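A structural walkthrough
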Amino acid sequence: MDQHLFLAEEHTLLRDQLRRFVEERIKPNGDAWEEAGCVPREVLREMGELGFLGIRYPEEYGGSNMDSRATAVLAEELGKSTYSGAAITALVHTDMASVHIFNAGTEAQKAKYMPDIIAGKKICAVCVTEPGAGSDVKGIRSYARRDGDHFVLNGSKIFITNGVHADLYCVAAKTDRDGPASQSVTMFLLEKGMPGFDVVRQLDKHGWRSSDTAELAFTDVRVPVENMLGEEGRGFYAIMQNFQNERLVAAAAAVGESQAALDMTIAYTRERHAFGAPLWGQQTIRQRLSMLAARVAAARAFVYQTAARDADGQDVVREVSMLKSLCGELVNEVMYDCLQFHGGSGYMRGMAIERMARDARVQSIGGGATEVMLEEVAKRL
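Parameters and conventions
- Residues numbered from 1 in each chain as written.
- Predicted model: local features only at pLDDT ≥ 70, side-chain atom pairs only at ≥ 80, totals over all residues.
- Heavy atoms only, no water.
- Helix = DSSP H or I, 4+ residues; strand = E, 2+ residues; numbered from the N terminus.
- Rg over C-alpha atoms; globule rule 2.2 N^0.38 Å.
- Buried < 20%, exposed > 50% of the residue type's maximum accessible area, 1.4 Å probe, protein only.
- Contact = heavy atoms within 4.5 Å.
- Areas by Shrake-Rupley, 256 points an atom, 1.4 Å probe, with all protein chains shown as cover.
- Salt bridge = Lys/Arg side-chain N within 4 Å of Asp/Glu carboxyl O.
- Expected span 1.5 Å × (residues − 1).
- Core = buried A, V, L, I, M, F, W, Y, C linked by side-chain atoms within 4.5 Å.
- Pairing = 2+ DSSP bridges.
- Phe/Tyr/Trp six-rings, centres within 6.5 Å; stacked < 30°, edge-to-face > 60°.
- Lys NZ or Arg CZ within 6 Å of the ring centre and 35° of its normal.

**Some remarks on the overall build of the chain**
- Secondary structure assignment for the chain yields 11 helices and 10 strands.
- Taken over C-alpha atoms, the radius of gyration comes to 21 Å for the chain, in line with the 21 Å a tight globule of 381 residues would show.
- If you line up the chain on its principal axes, its C-alpha atoms span 80 × 40 × 40 Å.
- Expressed as a percentage of its 381 residues, the buried residues of the chain come to 56%.
- Put simply, 74% of the contacts in the chain that link residues at least 6 apart link residues at least 24 apart.
- A total accessible area of about 16,400 Å² is found for the chain, and carbon and sulfur atoms account for 50% of it.

Right, here's the structure in full:
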């Protein structure tokens, strides 16, 4: 796949570098991170030093100014690590949170924050989801009231990836309770430690155990007007704009997870004997794995074709919605069968496939549930 039709030499070099990092730094340490509930900050700083956290950002901030194809490579290779909690920790920082600062921030905001973001010295979270508003962004209830040269923010957020350990938070809140929903959401940049901003608790998850996820509360937080990201009332469009990138990333990561699961299961069924022969000798098993391999290969080609079209400036909203639903469901099918073919051992804690099956379950939920994605596709058919 390195010589893929849609990739250039720089993407192949990036993939090789990522694979070394995954083998040397993530796989040997991932179990400890699962127990700790987060990825150590020094590892994220190391990713910054290697250039992984700034691949889409300009060189003036320390980035390498690559395109969405590079993002897909990053997501797929991190997905192949088999520790999706570690993968999502980095991917939320690079492609779901910091993008709000880069896309909507002023020159002063970008100059102040982007170098540290790209270096891994300041980690980002994006705070949209609330107890009553997930994919339905217009349902946000957090409210920021203008008070002189500040906004006073009240509300709560939930299921926030990097929410416990982040330094910078891109927070969506209503600034007009009476206006049209699409014109009343504003994005703000908050720093950890601002009075009234509290991490209520770290959430205990089914999967993604090496990713810290938080519930947050805002009580009369005074946010300076200069911390507004973009224009007042334009936050809904900023969120919608970045959903495309976020969903492409999620699809690429799901492809990586699927491929890793297939690789380990094919190896396992060749070695594991039952009834006097390797499991691979059972036609139903090898044919099922072959069909899944074909579907993963097709999904991968679709991911990189779409990334290439996005890099070319084409409208790929329909295709990205297709990919998010397709890959989010496919990775769960792959994990179901791969765990099944591992037999009883696949159900045991400590087995990679058991962890991967738990991690994959959220892929059809987070970043736009399958059902929401299919409605986006249906609108465009």
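Read on, since the account is not over.
**A closer look at the pattern of salt bridges**
- If you walk through the whole model with that rule in mind, you get 26 salt bridges.
- Taking the shortest distance from any N to any O, the salt bridge between Glu107 and Lys110 comes out at 3.4 Å. Of this pair, Glu107 and Lys110 are both found in helix α6 (residues 107–119), three residues apart, which corresponds to roughly one turn of the helix.
- Exposure remark for Lys110: the relative accessible area of 11% places this residue in the buried category.
- In this structure, the salt-bridge partner of Arg349 is Glu354, at a minimum N-O distance of 3.7 Å.
- Look at Arg349 and you get exposed, because its relative accessible area is 63%.

**Comments concerning helix α1 (residues 9–26)**
- Across its 18 residues, α1 extends 25 Å between first and last C-alpha, which sits within 8% of the 26 Å expected from 1.5 Å per residue.
- For α1, the complete set of buried residues consists of His11, Thr12, Leu14, Arg15, Leu18, Phe21, Val22 and Ile26.
- The inward-facing, buried residues of α1 contact α2 (30–36), α3 (41–49), α4 (68–79), α5 (84–104) and α8 (283–311).

**With respect to unusual backbone geometry**
- Positive phi, close to 55°, is recorded for Asn65, a residue that is not glycine.
- A residue is classified by how much of its surface remains accessible, and Asn65, at 51% relative accessible area, is exposed.
- For Trp208, which is not glycine, the phi torsion reads 50° and is therefore positive.
- Here Trp208 falls in the buried class, since its relative accessible area comes to 13%.

**Considerations on the environment of Leu44**
- In this fold, Leu44 is placed in helix α3.
- Considering only alpha carbons, one finds Leu44 and Phe21, 23 residues apart in sequence, at a separation of 12 Å.

**Topic: the nonpolar core**
- Residues Leu78, Leu91, Ile101 and Val303 are the most contacted members of the largest nonpolar core, which totals 90 residues.
- Apart from residues no more than four positions distant in its own chain, Leu78 is found in contact with Val22, Ile26, Met47, Ala87, Ala90 and Leu91.
- The next biggest cluster of nonpolar side chains, apart from the first, holds 22 residues, and it includes Leu153, Ala166, Tyr169 and Val171.

**Looking at the pairing of strand β2 (residues 143–147)**
- Judged from the five bridges that link them, β2 and strand β3 (residues 150–161) form a sheet pairing that is antiparallel. Along β3, the bridge assignment pairs Tyr143 with Asn154.
- In this structure, the hairpin formed by β2 and β3 is closed by a connection of two residues, where Gly148 is found at a positive phi of approximately 65°.

**Points about α8**
- Counted at 1.5 Å a residue, the expected span for α8 with its 29 residues is 42 Å, and the 42 Å between its end C-alpha atoms agrees.
- By the burial criterion, the buried members of α8 are Ile285, Leu289, Leu292, Val296, Ala299, Arg300, Phe302, Val303, Tyr304, Thr306, Ala307 and Ala308.
- Positive phi appears at Gly313, one or two residues downstream of α8, with a value of about 85°.

**A short note on the packing of aromatic side chains**
- Enumeration according to the criterion identifies six aromatic pairs in this entry.
- Note on Phe21 and Phe52: the rings are 5.6 Å apart at their centroids and 75° apart in plane angle, and the pair reads as edge-to-face. In this pair, Phe21 is assigned in helix α1 and Phe52 in the loop between α3 and α4, connecting sequence segments 31 residues apart. An identical accessibility class is assigned to Phe21 and Phe52; each is buried.
- Ring centres of Tyr57 and Phe102 lie 5.0 Å apart, and the angle between their planes is 50°; this geometry places the pair in the tilted category. Within this pair, whereas Tyr57 is found in the loop between α3 and α4, its partner Phe102 is found in helix α5, the two being separated by 45 residues in sequence.
- Taken together, the aromatic side chains of Tyr169, Phe197 and Phe218 make up a single cluster linked through ring pairs.
- The ring centre of Phe102 lies 5.1 Å from the NZ or CZ of Lys110, which sits over that ring.
- Positioned above the aromatic ring of Trp280, the side-chain terminus of Arg270 is 4.4 Å from the ring centre.

**What to know about the side chain of Arg358**
- Mapped onto the secondary structure, Arg358 falls in helix α10 (residues 352–360).
- The class of Arg358 is buried, set by a relative accessible area of 13%.
- Apart from residues no more than four positions distant in its own chain, Arg358 is found in contact with His206, Gly207, Arg209 and Arg349.

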